[in-house]
Amino acid sequence: MTTSSPLRSLPSVDRLLQEEQVQALLRAYPRALVTEAARHVLAQARAALLNGGQGHTAPAALAPLVETHLAATLRPPLRPVINATGVVIHTNLGRAPLSRAALQAMAEVALGYSNLEYDLEAGERGSRHEHAAAILRRVSGAEAALVVNNNASAVLLALQALAAGREVVISRGQLVEIGGGFRIPDVLRQSGARLVEVGTTNRTYAADYERAITSETALLLRVHSSNFRVIGFVHQPTLQELVEVGRRHNLPVLDDLGSGSLLDTARYGLAHEPMVQESVAAGTALVSFSGDKLLGGPQAGLLVGRADLIGQLKRHPLTRALRPDKLTLAALVATLGHYLREEAEREIPVWRMLAQTPAQIGRRARRLGAALPAELVEWRVVDGQSAIGGGSLPGETLPTRLLALTPNCGIQTLAQRLRHATPPVVARIEHDRLVLDLRTVQPEEDRSLANCLVRAAEAGSD
Ligand SMILES: *Cc1c(COP(=O)(O)O)cnc(C)c1O
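Residues numbered from 1 in each chain as written. Predicted model: local features only at pLDDT ≥ 70, side-chain atom pairs only at ≥ 80, totals over all residues. Heavy atoms only, no water.

J.: Where do I start with the overall build of the chain in this structure?
T.: The secondary structure content of the chain amounts to 20 helices and 17 strands. In terms of overall dimensions, the chain has a C-alpha envelope of 85 × 55 × 50 Å along the principal axes. A total of 462 residues make up the chain; the buried ones form 49% of that total. Taking all contacts inside the chain whose residues are at least 6 apart in sequence as the whole, residues at least 24 apart take part in 74%. If you sum the accessible surface of the chain, you get close to 22400 Å²; carbon and sulfur atoms cover 51% of it. Here the chain contributes 49 positive and 45 negative side-chain charges, whose respective centroids are spaced 3 Å apart. (Helix = DSSP H or I, 4+ residues; strand = E, 2+ residues; numbered from the N terminus. Buried < 20%, exposed > 50% of the residue type's maximum accessible area, 1.4 Å probe, protein only. Contact = heavy atoms within 4.5 Å. Areas by Shrake-Rupley, 256 points an atom, 1.4 Å probe, with all protein chains shown as cover. Lys, Arg positive; Asp, Glu negative; His and termini not counted. Charge placed at Lys NZ, Arg CZ, Asp CG, Glu CD.)

Structure follows, in structure tokens:
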């Protein structure tokens, strides 16, 4: 039996718990957690030995592994990450970072009680839907507004409340998949509405909608093709034309803007992302958009439009299931306040990032490069492009300056070490270099990013 002797050299759980380092853990954490970590470490060591590998067997060598495993167990799975990808609205990285004021508003409401559903004036029950409605009316120009959990649920609610059992007319070119399995035809089916496709993949005219309208038609739906672009021989009716068709037949138009924007993205050298105010001004009955895309706030679905329709949505039972949390409402109202005070570009991180110039980003990139150990990583600052992401402005990019790294340890190794750093750093690999775009790194994160980079470059180099 060749394996029995090294296995026998492993300590028992009790013996491992006697180690001073483990004793210290026992004084700080529940016994069950520490014991479980010790068992895990011993099981791993046993498996390594059985596989013919070399494992630690001395209790003093195993004790630090117990501490590491315990720390991993206790670490929150959802953690802050430094986004060095340059993708401003990165759905996988949590979309829009919040403003200081939004964070403050959430903290104030979270730490105690609030008037979430209490009318302080009347001293009786109030509605949570009132808090964001007034400011949403102001910034959008609409008559009424409603906030739900996210834009996917806003679209589902509107279709179910206004069109269940009836027909919804939509252009073939707009039967899109947003991502994460959100497909417009599926949402329509889920809502109980019947889909009536008109036009072709590339060309749809107002007359196509007109011809499809029957006594069964409940509404006309327009969906912004937010994550792709069709070029060439293409045509879609303008919103005005669609509203005109709707008016002739007394049918509301629902405009799913996806991101939507309250500021003109063309001011930043980007294409013009459809604006919420424009859609309202065109006479759209209902406009839906996300809270955490270009709005720069918390996850939410925002519906603005005609008061009678918003009233109908509010009374629908599904609204109860989709209602926003008080933290969301607090952050959303604070975010909208930045637009009202015309300070969005200064206060909302998403707009601050979009407004950064390549020169500003390049200066920070050079400072970061200069902090790196030159013998371990070669760096240059080069031209590149930042993407907007998050289902807005497909294919649109902003010129940026990238910190491009060629580390001795190899780019894959460095990228992996950065993902395991505290905080984790997510970067991009481009042309055989690891590139960091500081557009999406907030300046107050620069120091922490520098520390992570230096440690990652130095790891295993002594
Ligand atoms: C992003 C998007 C949605 C979904 O919005 P969420 O807030 O992510 O639920 C719906 N429609 C369009 C056009 C979108 O771009």
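J.: For this particular structure, what's the right way to read the layout of surface pockets?
T.: Roughly 970 Å³ of volume is contained in the largest pocket. Contributing to the lining of the largest pocket are 30 residues, with L93, G94, A96, P97 and L98 lying nearest its centre. For the lining of the largest pocket, the secondary-structure elements that each account for two or more residues are helix 6 (100-110) and helix 17 (349-355). Looking at the lining of the largest pocket, the element that brings in the most residues is helix 17, giving three residues. (1 Å grid on protein atoms, 1.4 Å probe; cavity = no way out; pocket = protein on both sides within 12 Å on 5 of 7 lines; lining within 4 Å. Points joined across faces, edges and corners; volume = space filled by probe spheres on them.)

J.: Whenever I open this one, the pairing of strand 10 (residues 253-258) confuses me. Can you help?
T.: The side chains of a regular strand alternate, first on one face of the sheet and then on the other. Most of strand 10 sits out of view: six of its six residues are buried. Sheet topology places strand 9 (residues 217-223) next to strand 10; four bridges connect them, and they run parallel. Among the inter-strand pairings, R222 is bridged to a residue of strand 10, identified as D255. As paired elements, strand 10 and strand 11 (residues 286-290) share four bridges and run parallel to each other. Considered in strand 11, the bridge of L254 is made with L286. Where the polypeptide runs from strand 10 across helix 12 (residues 276-281) and back to strand 11, its parallel neighbour, the crossover connection is right-handed. (Pairing = 2+ DSSP bridges. Right-handed = clockwise from strand over helix to strand, strands pointing away.)

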